[in-house]
Amino acid sequence: MGVLDTGRRRIDAVSADLPPGRFLLLNLAVGLAHFLVLFNAGAYLALIPEVAGALGVNASFAIWPQTDFFVGMALAAPLSLWLAARQGESRSFFLVFAGFGASALICAETTEFWSFILARFAMGFFGGLSIPLSLAVLLHRYRPGREKLAISLWGVAALTPFTLAPAVGGWLCTYWGWRSLFYLDGPLALVLTGVVVLALQGLPSLPARARSVDWVGLALLAPALATTQVTLDLGSYLDWWHSPHFWALGTLALILWVTLWLWEWQYPQPLVAYRLFRHRNFLLGVAGVFVGTVFFQGIMALLVVQAQLVWGYTAFLAGVLVLPMAATAKPASLLSQWVLRHWDAGLVAAVDLAGLALSCFLIASYDRDASYTALLWPQFALGFFLGGLFLPLTRLSLSGLSESEAEQGLGVFNMFRVAAQGYGIPILVGWLARVEQQIHHFLVEPGVASAGPLAETTRSLLARGLSPSAATATLAGDLTRQASFLAFNALFYASGWAFIGISALLLIFARPTRIQRAVSATTQIREEMAEP
């Protein structure tokens, strides 16, 4: 009983208006709901080849539901707290997670590719609504001065999409089928919603704040994000710059972005505060997180998919390739908080980017004769430098901004970060396909160094009793696999040099940031919201 009494007293010292049992239940339910949303952002990667086969599309098309998931998240972020102010936290939480669960069940049941894409977009949209809302709900139930504890608990789920999710998603796909992920999502979302609503029963809602929404800006932002995503998704199918349709879509996306910029520049409370880009550190921080996320998200998606399609690993083993990141990502994020008390944010971000480059170079050395662990070990370093990257980039971006500007700047930072998660996959998929074609052409081109070994291999296959057509088919398959390996290595080398380039820009152009020995709860909230 003494232990129970002590526990109750400690919870009462933290909880603002809930008895201990309901307070713990609320924390658990909100934390699991937040984890569920972020988990779905990464678990789908391991499912892509299976989804492609089940829905009758090419694997490059099955990537589209993942990219559209992130577009939905990017669109939803500006509306979350406005919805909570209008509907109340209980009703908002119910609406958001009921929509998330219903969308997941549609994904589980549908046999049509286009309805699957729309349902995944809806999952991303409702998931994007839930992220700021869940943190606001949690913070409202903690006593003043105890907010940092809530932020730390809520932030445990950060980096889940890049670490645990692909491995667990791969395990579900391998042993239960790809639809099992969505069959679990639906009931879990509805149960967690019910628990949160019951825990908040009879309690005052979030304090009402006058929240105006830039509806014109939203009406321009939505088609700008979506058109850009569609243009990139169709890039490989349309043969990129060689297609007039690609040019037409790209021009439309550019017009929408320019129109949005013109509107937001003069609007007093803009949805996308472009005026903040006049601050050098904000420009560099947002550019760094956008370009870095484009490359990182793209190479992680291709790593998981390539491991299944080309190297023959199961969905589970492909997901396990990124599991080591879970061991190092969150500790690195915590270490980054301590480092930023003593070092400049731009310098710390530059070091992390250089570390990501080194990890990419290690992965690029992988070849078909190497063991599975040769590709597994570099993920520990990749996770460490990824975990430490987002906090210094956020600190760099928001340095020198006023309180009101920092709130707007966080919204812009997160929008570009989430959008980059969707844009990075088709950009790097298209780049990989083009490089693979070029390497394949070089390998079979007459007169090059490989011509002699090709002829010798063909004779060897014929001597083993294969027919000419069978020998040609076997050799073609081997050449395709080798071209895929070489293109994969080239992709990671290119990504490494891209990270080096961003690191150099930060070192040269970023202005020194003010070193903070201790940060306020408001600053910590902003920095947690900027983690993936």
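Rules of the game
Residues numbered from 1 in each chain as written. Predicted model: local features only at pLDDT ≥ 70, side-chain atom pairs only at ≥ 80, totals over all residues. Heavy atoms only, no water. Helix = DSSP H or I, 4+ residues; strand = E, 2+ residues; numbered from the N terminus. Contact = heavy atoms within 4.5 Å. Core = buried A, V, L, I, M, F, W, Y, C linked by side-chain atoms within 4.5 Å. Buried < 20%, exposed > 50% of the residue type's maximum accessible area, 1.4 Å probe, protein only. 1 Å grid on protein atoms, 1.4 Å probe; cavity = no way out; pocket = protein on both sides within 12 Å on 5 of 7 lines; lining within 4 Å. Points joined across faces, edges and corners; volume = space filled by probe spheres on them. Nonpolar A, V, L, I, M, F, W, Y, C, P; charged D, E, K, R; others polar. Axes fitted to C-alpha atoms, helices over the stretch in contact; angles between N-to-C directions. Phe/Tyr/Trp six-rings, centres within 6.5 Å; stacked < 30°, edge-to-face > 60°. Lys NZ or Arg CZ within 6 Å of the ring centre and 35° of its normal. Left-handed = near helix turned anticlockwise from the far one by under 90°.

Peer 1: Got a minute to help me understand the overall build of the chain in this structure?
Peer 2: In terms of helices and strands, the chain carries 25 helices and 0 strands. Contacts in the chain between residues at least 24 apart in sequence constitute 84% of all its contacts with a sequence separation of at least 6.

Peer 1: What's the story with the nonpolar core in this structure? I'm lost.
Peer 2: Across soluble globular proteins, nonpolar side chains have a tendency to be buried as a group. Counting residues in each nonpolar core, the largest one holds 155 residues, and the members touching the most others are Leu47, Phe182, Leu221, Leu225, Trp257, Leu303 and Trp311. By residue number, the principal contributor to this core is helix α22 (residues 403-444), which donates 16 residues.

Peer 1: Would you mind showing me how to read the layout of surface pockets here?
Peer 2: Summary: where empty space remains is shown by rolling a probe the size of a single water molecule over the atoms. One number sums up the size of the second largest pocket: a volume of about 480 Å³. Looking at which element gives the most residues to the lining of the second largest pocket, the answer is α22, with 7 residues. Residues belonging to the lining of the second largest pocket are distributed by class as follows: 10 nonpolar, 7 polar and 3 charged.

Peer 1: What's the story with the packing of helix α2 (residues 20-43) against helix α5 (residues 64-76) in this structure? I'm lost.
Peer 2: Helices that pack against each other are described as a pair by the angle of their axes relative to one another and the distance between those axes. Here α2 crosses α5 at 145°, and the two axes come no closer than 9 Å. Judged by residue contacts, Val37, Asn40 and Ala41 of α2 engage Gln66, Phe69 and Phe70 from α5. For the contact of α2 with α5, the class distribution of residues is 4 nonpolar, 2 polar and no charged.

Peer 1: How do you make sense of the packing of aromatic side chains when you look at a structure like this?
Peer 2: Working definition: an aromatic ring pair is given by the centre-to-centre distance plus the angle between the planes. Enumeration over the complete set of coordinates arrives at 30 aromatic pairs. By the ring-pair criterion, three or more aromatic residues cluster together here, those being Tyr274, Phe277, Phe282, Phe290, Phe416 and Tyr423. Geometry around Tyr44 places Arg120 over its ring, the cationic atom sitting 4.8 Å from the centre.

Peer 1: Explanation requested: the packing of α5 against helix α8 (residues 113-140) in the structure shown.
Peer 2: Running from amino to carboxyl end, α5 crosses α8 at an angle of 35°, the nearest separation of the two axes being 7 Å. Note on packing geometry: the crossing formed by α5 with α8 is right-handed. Each of Trp64, Pro65, Gln66, Asp68, Phe69, Val71, Gly72, Met73, Leu75 and Ala76 in α5 lies in contact with α8, whose residues at this interface are Phe113, Trp114, Phe116, Ile117, Arg120, Phe121, Met123, Gly124, Phe125, Gly128, Leu129 and Ile131. For the contact of α5 with α8, the class distribution of residues is 16 nonpolar, 4 polar and 2 charged.

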